[in-house]
Every structure is written in structure tokens, then in C-alpha cells.
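So you can see what is in the structure, the chains are spelled out below.
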Amino acid sequence: YGDYKALDGVSIEIERGSIFGLLGPNGAGKTTLIRILTNITAPDSGGLEFSDDKLKIGYLPEERGLYRKMKVWEQAVYLTQLKGLSKGEAEKRLKPWFERLSMQGWINKRVDELSKGMQQKLQFVITVAHEPEVLILDEPFSGFDPVNAEELKKEILRINESGTTVILSTHNMTSVEELCESICLINQGKVILNGNLQEIKNQFGSSIFEIEFSGSQMALANAIGHQFELVKLVEKNERIKAEIRGDGSVSSNQLLNSLIQHIEIYSFRKLTPSMNDIFIDLVKGQEVTITES
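Residues numbered from 1 in each chain as written. Predicted model: local features only at pLDDT ≥ 70, side-chain atom pairs only at ≥ 80, totals over all residues. Heavy atoms only, no water.

### Some thoughts on the overall build of the protein chain
Here comes step 1: Scanning the protein chain for helices and strands turns up 10 helices and 10 strands.
Here comes step 2: Taken along its principal axes, the extent of the C-alpha atoms in the protein chain is 75 × 45 × 30 Å.
Here comes step 3: Out of the 293 residues in the protein chain, the part that is buried amounts to 44%.
Here comes step 4: Approximately 16,000 Å² of the protein chain is accessible, and the part contributed by carbon and sulfur atoms is 45%.
Here comes step 5: Each charge class in the protein chain can be summarised by its mean position, and for the 33 positive and 41 negative side chains these summaries are 8 Å apart. (Helix = DSSP H or I, 4+ residues; strand = E, 2+ residues; numbered from the N terminus. Buried < 20%, exposed > 50% of the residue type's maximum accessible area, 1.4 Å probe, protein only. Areas by Shrake-Rupley, 256 points an atom, 1.4 Å probe, with all protein chains shown as cover. Lys, Arg positive; Asp, Glu negative; His and termini not counted. Charge placed at Lys NZ, Arg CZ, Asp CG, Glu CD.)

Now the structure itself:
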């Protein structure tokens, strides 16, 4: 866009039938990438390749686009017909969605009579009613309370189980961890992290451990040696909970073997950082803060 490069050499591969998380801070380039995926915007260089050129795509944009004065059912049928369905087929596809998501009572209401969350649910149903093979969701949980957000997550999983590839763009890292198999993190137009979600989390938390024990801090220091640093220490009654970070040269079994020779262990576990921790670390360039997994 003029002198501004929204995407810079971004290259990703999304496995068919997976749930893929497209992550990044505001202005990272996610929306531009989605617009390229949906052929709304053409790239200046590079290309886009689908395994099937005739794939049906469903796209729920972050900015909603409903006709506010139009009645809910009339609008749902009209917009679903734009996906190439007849009126009868559109109504047939929409009816089970309205029943499953308890939307029958909205049929004769105007869109502007609905709450933001209800409008979001309506637009989601319109997006998926034509049974797309690729479903792109941009901030789908915006405006939802926890109950409806959980309902939507279940529907996304159900759609994915039927074979639909889901691309999820969201700032809700909890949803990413619950739903996504692989992720791509974009910042300032460039890919800074890409791969299997669990492998990424293991990579960032491979040498961080939480130990609950009784004994002295000196005994702990003797047990962990120079390969580990003490990150956090909390004393409660006669027990001590410590968090230590290693350099990767000592395995879990080696560490545990050393610990039991110096202190009495009550619990021992490897910690995994949350995606929220990793996101903040990579985007802001700060050290990862580990939370309980």
C-alpha cells in the first residue's frame, strides 16, 4: 500500500481438515492475508494454491455486514442464496442451525433489535449454512458472553470434524489453545512463528520445572547446580515451591535424580508456557513469563 508493506515474504501451509490459528497484534497483516486467501485482494508477488480450485469458502469478517432494518430469517435466506443455493435449499440448510442454536424466536425480528452477540451468531450461521470446505473466521468470539462463546467453539469443532478446514484469526489465546492444531504468528508483516501448537509450547517450556519440596534453599541450590537458575521461590508452612529454568543440558530424569538426593520432593512437573505468554514474548521481545499449565 504505497510505501507500506503489509506482508513481507509471508509463506504458510495449511493442512486440509485442520484448525489453523492465524495470530498477530493489530496491524500485523492478518486481515490483508485473509483478503488474499479470499481473493478480495491480489498479492503484488507470490501466489495462492488450493488443493482444489473449486473449494467452497465461508468467510466471517471481523467487521460485520448485516442489513439492520431487514428481518432475521429474510436476511439469512437472502445471503445464503448468494452462495449459489436456491431459496428452498437455503431454507433447508438454515432451519437446523436456527433450531440447534435456539434462534427460532428471532425469525420475525429486525437485525437492529438483536444484541451484538445475537447478530454475531446470526452472521456465523449465514457463513456456514452453505457447508464450506474452508471456513475463515476473523475474531468470531467478539461480542459473545462465555456461555455463547463455548457454544460457538463446540460448533466450530463439529464443523471441523465433518472435514472442513478452519482458519481462525483471534486475539483470544485460550480459544487458540482449545481449538487449533497449528498456528502462524505474524508481526509487522512477517512470519515469526509457524508450526504445530503443542511442539511450539514444548519448545518454549522444555527446561522449566516447578518443584514442591521440604528442605533448605541451599540444598536445592546444590541439587540443581549451575545448569539451572531459580526463577521463583514461595515458602508456605514447612513446604517450599520453586520454579527453575535450565539451559537444556539436563533431562527431566537427571534433574529428578539429583533432587531426591538432596531434598524431599512432594511434586515435580515440567511447565509449559501458555500461548498468551509466547505471544507477548515474541511480539514485545520480552522474556516469557511461565504460568501453570
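### Points about the pairing of strand β2 (residues 57-60)
Here comes step 1: Of the two faces of β2, only the one carrying G58 and L60 is buried; I57 and Y59 on the other face are not.
Here comes step 2: Looking at chain direction, β2 and strand β3 (residues 134-138) are connected through four bridges and run parallel. Looking at the pairing, L60 lines up with L137 of β3. (Pairing = 2+ DSSP bridges.)

### Regarding the sheet that holds strand β7 (residues 208-214)
Here comes step 1: With antiparallel pairing, the four strands of this open sheet are ordered in space as β8-β9-β7-β10. Sheet topology places β8 (228-236) and β10 (264-270) at the edges, where each strand pairs with a single neighbour. Pairwise comparison of adjacent strand axes, ignoring direction, gives a mean angle of 20° for this sheet.
Here comes step 2: Sheet analysis places β7 next to β10, joined by six bridges and oriented antiparallel. What sits directly across from E212, in β10, is S267. (Axes fitted to C-alpha atoms, helices over the stretch in contact; angles between N-to-C directions.)

### Section: the sheet that holds β3
Here comes step 1: Strand order in the open sheet made by the six strands is β2-β3-β4-β1-β5-β6, with mixed pairing throughout. Each edge of the open sheet is held by one strand with a lone partner, namely β2 and β6 (190-196). Strand-to-strand twist of the sheet, defined as the mean angle between neighbouring strand axes without regard to direction, takes the value 15°.
Here comes step 2: Alignment of strand β1 (residues 19-23) against strand β4 (residues 165-169), held across four bridges, turns out to be parallel. By the bridge assignment for β4, F20 is matched with I167.

### Side note on helix α4 (residues 116-128)
Here comes step 1: Across its 13 residues, α4 extends 19 Å between first and last C-alpha, which sits within 8% of the 18 Å expected from 1.5 Å per residue.
Here comes step 2: Of all the 13 residues making up α4, 11 are buried; the element is thus mostly covered by neighbouring parts of the structure.
Here comes step 3: Three or more residues of α4 are buried, namely G117, Q119, Q120, K121, L122, Q123, F124, V125, I126, T127 and V128.
Here comes step 4: Here the buried face of α4 lies against β2, α2 (72-81), α3 (87-100), β3 and α5 (146-161). (Expected span 1.5 Å × (residues − 1). Contact = heavy atoms within 4.5 Å.)

### Points about the layout of surface pockets
Here comes step 1: As a volume, the largest pocket reaches approximately 1,000 Å³.
Here comes step 2: L33, I36, L37, G47 and L48 are the residues nearest the centre of the largest pocket, which is lined by 37 residues in total.
Here comes step 3: Looking at the lining of the largest pocket, the elements that each hand over two or more residues are α1 (30-37) and β4.
Here comes step 4: In terms of residue count, α1 provides more of the lining of the largest pocket than any other element does, four residues in total. (1 Å grid on protein atoms, 1.4 Å probe; cavity = no way out; pocket = protein on both sides within 12 Å on 5 of 7 lines; lining within 4 Å. Points joined across faces, edges and corners; volume = space filled by probe spheres on them.)

### What about the pattern of salt bridges?
Here comes step 1: In total, this model carries 16 salt bridges according to the counting rule given.
Here comes step 2: Residue E155 is joined to R158 by a salt bridge in which the shortest nitrogen-to-oxygen separation is 2.9 Å. Of this pair, E155 and R158 both sit in helix α5, three residues apart, roughly one helical turn.
Here comes step 3: Members of the salt-bridge network, linked through shared partners, are K5, D8 and K190. (Salt bridge = Lys/Arg side-chain N within 4 Å of Asp/Glu carboxyl O.)

### Quick look at the nonpolar core
Here comes step 1: In this structure, F98, L122, F124, I156 and I183 are the most contacted members of the largest nonpolar core, which totals 47 residues.
Here comes step 2: Discounting residues that sit within four places of it in the chain, F124 has contacts with L60, W97, L137, L152, E155, I156 and I159.
Here comes step 3: In terms of nonpolar packing, the next biggest core, distinct from the first, is built from 15 residues, F209, I224, V250 and L259 among them. (Core = buried A, V, L, I, M, F, W, Y, C linked by side-chain atoms within 4.5 Å.)

### Remarks on the state of the cysteines
Here comes step 1: Applying the stated criterion across every chain, the model contains zero disulfides.
Here comes step 2: No disulfide involves C180; its nearest neighbouring cysteine sulfur is the one of C184, lying 12 Å away.
Here comes step 3: For C184, a relative accessible area of 0% gives the class buried. (Disulfide = S-S within 2.5 Å.)

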